[in-house]
Amino acid sequence: MATIAHNIQQTRARMARACAAASRRAEDVTLLVVSKTFGAGAVREACAAGEHRFGENYVQEGLDKITALADLRAGLEWHLIGPLQSNKTRAVAAQFDWVHSVDRLKIAQRLSEQRPPQLPPLQLCLQVNTSGEMSKSGLPVEGLADVAHAVASLPRLRLRGLMAVPEPVADITAQRQAHARLRQLFESLVRSGLPLDTLSMGMTADLEAAIAESATMVRVGSAIFGPRV
Ligand SMILES: *Cc1c(COP(=O)(O)O)cnc(C)c1O
């Protein structure tokens, strides 16, 4: 029972050390606890240990967990961080608080139309393909600014920033290069007038590199819940 709480403490200590090394304030980096593949009980434990932001990759799994944890709903923030198809946007717009993985204007338009008006605006990040591989999900770098400005003008949404999932590499210098690319894109969007505040990057293996490159939200799963099968 103590393991999840212990792992959260260790993860927060890692984040604090990385912030100190980068001369950043610990409170400027948010922890998103990635609960994909783990059950509602594991989320309850993390919640009891003081966490309230959870990330899910698969829409249906996330919806099931949101339902199972309905008693905690008011105190939780649910973030979708995995692929979103058009046929799932209605449920996501109604149930989630954030979507990090918007990779097409059309998906943002549907979320905007389908966000129930009684809820606060849905918080969005655009997922960017910084590695340039055809196989990777995310918006291509080329044309990103046009999509960002179009999304920022949609009602019932708030564009908060950018997200990426770089190719896993072991070397911290290479990790930092990938995160630096997303940071530079973020900075150029801010210069173009968009009021962005979120750089969603860094996972269990590379959160130090991400924090060194100005991540404001790290998404951590296996360091907290253990390996996924
Ligand atoms: C699974 C996942 C994470 C968390 O990965 P860990 O290596 O377990 O920390 C973060 N972001 C996304 C998009 C993921 O799919």
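Above this text sits the structure in question.
None of the values given here were measured: they were computed from a predicted structure.

Rules used throughout
- Residues numbered from 1 in each chain as written.
- Predicted model: local features only at pLDDT ≥ 70, side-chain atom pairs only at ≥ 80, totals over all residues.
- Heavy atoms only, no water.
- Helix = DSSP H or I, 4+ residues; strand = E, 2+ residues; numbered from the N terminus.
- Rg over C-alpha atoms; globule rule 2.2 N^0.38 Å.
- Buried < 20%, exposed > 50% of the residue type's maximum accessible area, 1.4 Å probe, protein only.
- Contact = heavy atoms within 4.5 Å.
- Areas by Shrake-Rupley, 256 points an atom, 1.4 Å probe, with all protein chains shown as cover.
- Lys, Arg positive; Asp, Glu negative; His and termini not counted.
- Charge placed at Lys NZ, Arg CZ, Asp CG, Glu CD.
- Phe/Tyr/Trp six-rings, centres within 6.5 Å; stacked < 30°, edge-to-face > 60°.
- Near = heavy atom within 4 Å.
- Polar contact = N/O pair within 3.5 Å; in protein donor to acceptor, adjacent residues only side chain to side chain.
- Nonpolar A, V, L, I, M, F, W, Y, C, P; charged D, E, K, R; others polar.
- Salt bridge = Lys/Arg side-chain N within 4 Å of Asp/Glu carboxyl O.
- Expected span 1.5 Å × (residues − 1).
- Pairing = 2+ DSSP bridges.
- Right-handed = clockwise from strand over helix to strand, strands pointing away.
- Core = buried A, V, L, I, M, F, W, Y, C linked by side-chain atoms within 4.5 Å.
- Disulfide = S-S within 2.5 Å.

Caption draft 1: View of the overall build of the protein. Tallying secondary structure elements over the protein gives nine helices and eight strands in all. Over its C-alpha trace the protein gives a radius of gyration of 17 Å, about what one expects of a compact globule, namely 17 Å for 229 residues. The 229 residues of the protein split such that 48% are buried. Considering only residue pairs separated by 6 or more positions, the protein has 60% of its internal contacts joining residues 24 or more positions apart. With the model as given, the accessible surface of the protein reaches about 10,600 Å², and the carbon-plus-sulfur share is 54%. Here the protein holds 26 positive side-chain charges and 22 negative ones, and the gap between their average locations is 3 Å.

Caption draft 2: Broad picture of the packing of aromatic side chains. Evaluated as defined, the whole model comprises two aromatic pairs. Between the aromatic rings of Phe54 and Trp78, the centroid separation amounts to 5.8 Å while the plane-to-plane angle is 40°, which identifies the pairing as tilted. Here Trp78 lies in strand β3 (residues 77-80) and Phe54 lies in strand β2 (residues 53-56), a separation of 24 residues in the sequence. Taken as a pair, Phe54 and Trp78 share a single burial class, namely buried.

Caption draft 3: Region of the structure containing the site of the ligand. Surrounding the ligand, one finds 13 residues, the nearest of these being Lys36, Thr204, Gly221, Ser222 and Arg228. Here an oxygen atom of the ligand and a side-chain polar atom of Thr204 are 2.5 Å apart. Its residues placed into classes, the shell around the ligand shows six nonpolar, four polar and three charged.

Caption draft 4: Spotlight on the pattern of salt bridges. Inspection of the entire model under this criterion finds 14 salt bridges. Between Arg44 and Asp71 there is a salt bridge; the shortest N-O distance is 3.0 Å. Here the residue Arg44 occupies a position in helix α2 (residues 40-48), and Asp71 occupies one in the loop between α3 (59-68) and β3, the gap between them amounting to 27 residues. A relative accessible area of 34% means that Arg44 is categorised as partly exposed.

Caption draft 5: Local environment of helix α7 (residues 172-191). Between the first and last C-alpha of α7 there are 28 Å, a value that for 20 residues agrees with the 28 Å anticipated at 1.5 Å per step. Considered for burial, the residues of α7 that qualify are Gln175, Ala178, His179, Ala180, Leu182, Arg183, Leu185, Phe186 and Leu189. Where α7 is buried, its residues contact α6 (144-152), β6 (157-163), β7 (198-200) and α8 (207-212). Just downstream of α7 lies Gly193, where phi reads positive at about 110°.

Caption draft 6: Structural context of the pairing of strand β5 (residues 122-127). Among the six residues in β5, six count as buried, and that is most of the element. Inspection of the sheet shows strand β4 (residues 98-102) paired to β5 by three bridges, in the parallel sense. Each bridged residue has a counterpart across the sheet, and for Trp98 the counterpart in β5 is Gln123. Crossover connection from β4 via helix α5 (residues 105-114) to parallel β5: handedness right-handed. Note: β5 against β6, six bridges, orientation parallel. The partner of Gln123 across the bridge, within β6, is Arg158. This β-α-β element, β5 to α6 to β6, shows right-handed connectivity.

Caption draft 7: The nonpolar core, seen in detail. Within the largest apolar cluster, 59 residues are counted, with the highest numbers of intra-cluster contacts made by Val99, Leu111, Leu124, Leu126, Leu162 and Val218. The element best represented in this core is helix α1 (residues 2-21), accounting for five residues. The residues contacting Leu162, other than those within four sequence positions of it, are Cys125, Leu126, Val128, Leu144, Leu182, Leu185, Phe186, Leu189, Thr198, Leu199 and Ser200. Listed in part, the seven residues of the second largest apolar core include Leu32, Val34, Ile81 and Cys125.

Caption draft 8: Up close: the state of the cysteines. Counting across every chain of the model gives zero disulfides. Of the cysteine sulfurs around Cys19, a residue in no disulfide, the closest is that of Cys125, at 18 Å. On the basis of relative accessible area, Cys19 is assigned to the buried category, the value being 2%.

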